[in-house]
Protein chains: 2
Amino acid sequence: MEEKLTEISTLGEFGLIDHVTKGFELKNESTVKGVGDDCAVMHYPDTEVLVSTDLLLEGIHFDLTYVPLKHLGYKAVAVNLSDIYAMNGTPRQITVSLGISKRFAVEHIEQLYSGIRLACEIYGIDLVGGDTTSSRQGLVISITAIGDAPKEKIATRSGAHPNDLICVSGDLGAAYMGLQLLEREKVASAGQIDFTPDFAGKEYLIERQLKPEPRRDIVQNLDKAGIIPTSMIDISDGLSSELLHICGKSHVGCRIYEDRIPIDYQTAVMAEELGMNLVTAALNGGEDYELLFTVPLHLHEQVESIPGIKIIGHVTEEKLGCAMITRDGNEMQLRAQGFNHLGKNEE
Amino acid sequence: MEEKLTEISTLGEFGLIDHVTKGFELKNESTVKGVGDDCAVMHYPDTEVLVSTDLLLEGIHFDLTYVPLKHLGYKAVAVNLSDIYAMNGTPRQITVSLGISKRFAVEHIEQLYSGIRLACEIYGIDLVGGDTTSSRQGLVISITAIGDAPKEKIATRSGAHPNDLICVSGDLGAAYMGLQLLEREKVASAGQIDFTPDFAGKEYLIERQLKPEPRRDIVQNLDKAGIIPTSMIDISDGLSSELLHICGKSHVGCRIYEDRIPIDYQTAVMAEELGMNLVTAALNGGEDYELLFTVPLHLHEQVESIPGIKIIGHVTEEKLGCAMITRDGNEMQLRAQGFNHLGKNEE
């Protein structure tokens, strides 16, 4: 039975902000002033300032029939932090803007913020501002992440050179398979009240979809090893799409090897169950939030010794194009067929 | 007749971003890297960094039946810059995130961006990033503004002291009256094809509603006069609400004088026409985007000599509360009854 819910109008905009941001403590030296003025104020005298922003819309980016609000809050923060790590930086602050429709109560926003708060605690982030308003059509979440990096350590998309090694963290395709699984169980549950979804043996896929973790550990371990990637990007739209971004911006080509693409066992089982091509899922699935980066060839041993990093290929001259060498030794041209919320993909 | 429109799917997300951000040149020394990577990169070695964000939703904040997309783009930027000026800072960069529903074509987004571009040109702002996605919920606009201010010049909401003078720029209530006028003509036009709205003699009200200008000039003139406000806020939710913010954060009270509140002639005429209380409109109307600030008493002459600034009252001890002295000499307690998109106002 649903517990008693509190209408948001009993608190109003400012009351709601005060209520949900209470207990967020400022942790970063760079944060001068947080929530509660016209602007947040920060101080970054010795580093570059990094800013990234994401807009998440109900019905496009998330489906509240199977995404718990706490997980949604956590993920909304995580995907923004991922962009800062993808520049080889450290996230420090976020602003959170919400559009809230009438079907949400104070308790729902509390759940959302409990996820936001957890992500802030785990990743050492200060919540410094935002905007809260009503919405006529579902939940709208806009988060901006602010961070820093010393100038000489910033890894953009445009620094890859021929012969660099192409590396990827973690494994790919699992979040996409998790989404397929959640959608399948949603369809199966339609109209049933006591439906228990069947996730046995697929917990990893669900976790990858609902609670992705930005790869702070990879950025930190690269730093410890003294490695600055020549280029880096996070994999939100699928490996193919992101690799084409790096190659396009760096004016290089690439060769990656099908048999080196890291894929988890559960991802493979699920692809089999659904009759999907596993490599397509890994190349184009999206929402992995792993890091894709390039390092000079001579760092081969150092980078390979870092846990969770796999070398999947190398950078070539631009004229050679971008291709994957399949298991049977053929070349398959890479195309961006990943997540795209606005129709046709670029190619 | 509507000209031929281009479906957004023909460009895709990345194609659309490239298309509409083409020709935005980077103007600020603090901008290191703009659109096109995981993050924007900025450099602010000598100043504090200011960040502010606003979320604008169709059906809540704007009505496209009478708001031209170019004006909407301009206003969306303007209201964000206003927050940076309200800290006595200088805006330098913005990120623009859009959620676009299916009824919008490439040409519509071009119109929106022509307004964004114009505001960026006039106020010297670099567009450095954003996020673009489809929307099921009409047009969603989320803008984050980034700027700077020397530490010693930042004006927060919390620095007002008893005996400080309370100052306001421009005039109040006109944007609200413009909104009433636009709504009236929308109702009058319902179902008519050749309807010509009657705005004669009310152009100022329409302009204040559709094309507000953030008060960079006031911030610059205060600086030239060597004046640092003890507190400052921009008036987006109405004079009453903003004054209560300053008094609350500064732990002070205030007295303002009804006969000193600056109101334009057109605002007064319109209030009369609509049978509305003029002072209520000026106190609670919202969307003025004027600056409300306090200065030490001894700066009376200097501040009064700056064009467009009016002294409307003074700060008191907290225990005296916040009140307006009416024309007939009575004290009326100030209450926040301004714009609030989430139900009940704080009091």
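Residues numbered from 1 in each chain as written. Chains lettered and ligands numbered in written order. Predicted model: local features only at pLDDT ≥ 70, side-chain atom pairs only at ≥ 80, totals over all residues. Heavy atoms only, no water.

(A) Looking closely at the relation of the copies chain B and chain A. For the pair chain B and chain A, the best superposition has an RMSD of 0.1 Å and corresponds to a rotation of 180 degrees with a translation of 0.0 Å parallel to the axis. Both copies of the chain, as the preceding transformation shows, are related through a two-fold rotation axis. The residues that chain B uses at the interface reappear at the interface of chain A in 100% of cases, marking a shared surface. (Least-squares fit on C-alpha atoms with pLDDT ≥ 70 in both. Contact = heavy atoms within 4.5 Å.)

(B) Examining the sheet that holds strand β10 (residues 290-295) of chain A more closely. All names here are of chain A. Read across the open sheet, the seven strands follow the order β8-β10-β7-β11-β9-β12-β13; overall the sheet is mixed. One side of each edge strand has no neighbouring strand; the edge strands of this open sheet are β8 (231-235) and β13 (331-333). Averaged over all adjacent pairs, the angle separating strand axes in this sheet is 25 degrees, with direction ignored. (Pairing = 2+ DSSP bridges. Helix = DSSP H or I, 4+ residues; strand = E, 2+ residues; numbered from the N terminus. Axes fitted to C-alpha atoms, helices over the stretch in contact; angles between N-to-C directions.)

(C) Up close: the interface of chain B and chain A. With 70 residues of chain B at the contact, the number on the chain A side is 73 residues. In total, chain B and chain A occlude about 5,700 Å² of area from one another, counting both sides; carbon and sulfur atoms represent 56% of this. Put simply, B:D37 and A:R157 hold a salt bridge, and the shortest N to O gap is 3.6 Å. Here chain B and chain A share 22 residue pairs in polar contact (both at pLDDT 80 or more) between them. Here the element with the most residues in the side of chain B that touches chain A is strand β3 (residues 48-57) of chain B; it accounts for nine residues. Here the side of chain B that touches chain A is composed, by residue class, of 27 nonpolar, 27 polar and 16 charged. As paired elements, strand β2 (residues 40-43) of chain A and β3(B) share four bridges and run antiparallel to each other. By the bridge assignment for β3(B), A:A40 is matched with B:V51. (Buried area = accessible area lost by both parts, 1.4 Å probe. Salt bridge = Lys/Arg side-chain N within 4 Å of Asp/Glu carboxyl O. Polar contact = N/O pair within 3.5 Å; in protein donor to acceptor, adjacent residues only side chain to side chain. Nonpolar A, V, L, I, M, F, W, Y, C, P; charged D, E, K, R; others polar.)

(D) Representation of helix α1 (residues 12-21) of chain A within the structure. Within α1(A), seven of the 10 residues are buried, which leaves it mostly tucked inside the rest of the structure. The complete set of buried residues in α1(A) reads A:G12, A:E13, A:F14, A:L16, A:I17, A:V20 and A:T21. Those residues of α1(A) that are buried lie in contact with β4 (90-100), α3 (106-123) and β5 (126-134) of chain A together with α7 (239-250) of chain B. Two residues or fewer after α1(A) comes A:G23, characterised by a positive phi angle close to 85 degrees. (Buried < 20%, exposed > 50% of the residue type's maximum accessible area, 1.4 Å probe, protein only.)

(E) Looking closely at the pairing of strand β12 (residues 322-325) of chain B. All names here are of chain B. Going residue by residue along β12, you find C322 and M324 tucked away on one face and A323 and I325 tucked away on the opposite face as well. Sheet topology note: the strand β9 (residues 252-257)/β12 ladder contains four bridges and is parallel. Bridging from a neighbouring strand, Y257 pairs with I325 of β12. As judged from the three bridges shared by β12 and strand β13 (residues 331-333), these two strands associate in the antiparallel manner. By the bridge assignment, A323 is partnered in β13 with Q333.

(F) Representation of the side chain of B:E258 in the model. Residues and elements named next belong to chain B. In this fold, E258 is placed in the loop between β9 and α8 (265-274). Judged by its relative accessible area of 13%, E258 is buried. Filtering out sequence-adjacent residues up to four positions away, E258 remains in contact with V279, M324, I325, T326 and R327.

(G) Looking closely at the sheet that holds strand β10 (residues 290-295) of chain B. Residues and elements named next belong to chain B. Spatially, β8-β10-β7-β11-β9-β12-β13 is the arrangement adopted by the seven strands of the open sheet, whose pairing is mixed. Taken across any chain shown, the strands that pair with only one partner, and hence form the sheet edges, are β8 (231-235) and β13. Within this sheet the neighbouring strands show an average axis-to-axis angle of 25 degrees, counted without direction. Note: strand β7 (residues 165-169) against strand β11 (residues 309-317), five bridges, orientation antiparallel. The partner of L165 across the bridge, within β11, is H314.

(H) Spotlight on the confidence of the model for chain A. Confidence in the prediction of chain A, expressed as mean pLDDT, is 93, and 96% of residues score 70 or more. Overall, residues 343-347 of chain A carries pLDDT values under 50, and its contacts beyond four positions in sequence, including any with other chains, amount to 15 contacts. (pLDDT = per-residue confidence, 0-100.)

(I) Geometry of the pattern of salt bridges. All names here are of chain A. Evaluated as defined, the whole model comprises 34 salt bridges over all chains. Across the pair K33 and D37 runs a salt bridge whose closest N-O atoms are separated by 3.9 Å. Assessed through its relative accessible area of 24%, K33 is described here as partly exposed. Ionic pairing is found between E331 and R255, a salt bridge with its closest N-O pair at 2.9 Å.

(J) Expanded view of unusual backbone geometry. Its identity is not glycine, yet A:N88 carries a phi of approximately 70 degrees, on the positive side. The residue A:N88 is located in the loop between α2 (69-85) and β4 in this model. The class of A:N88 is buried, set by a relative accessible area of 9%. Although it is not a glycine, B:Y289 adopts a positive phi angle of roughly 55 degrees. Note on placement: B:Y289 falls in the loop between α9 (278-284) and β10.

(K) Here's a closer look at the packing of aromatic side chains. Residues and elements named next belong to chain A. Scanning the entire structure with this criterion turns up four aromatic pairs over all chains. Seen in terms of ring centroids, F24 and Y113 are 6.2 Å apart; in terms of plane orientation they differ by 90 degrees. Their pairing is edge-to-face. Taken as a pair, F24 in the loop between α1 and β1 (31-33) and Y113 in helix α3 lie far apart in primary sequence, 89 residues in all. Here F24 matches Y113 in class, with each residue buried. Directly above the aromatic system of Y74 lies the positively charged group of K211, at a separation of 4.3 Å from the ring centroid. (Phe/Tyr/Trp six-rings, centres within 6.5 Å; stacked < 30°, edge-to-face > 60°. Lys NZ or Arg CZ within 6 Å of the ring centre and 35° of its normal.)

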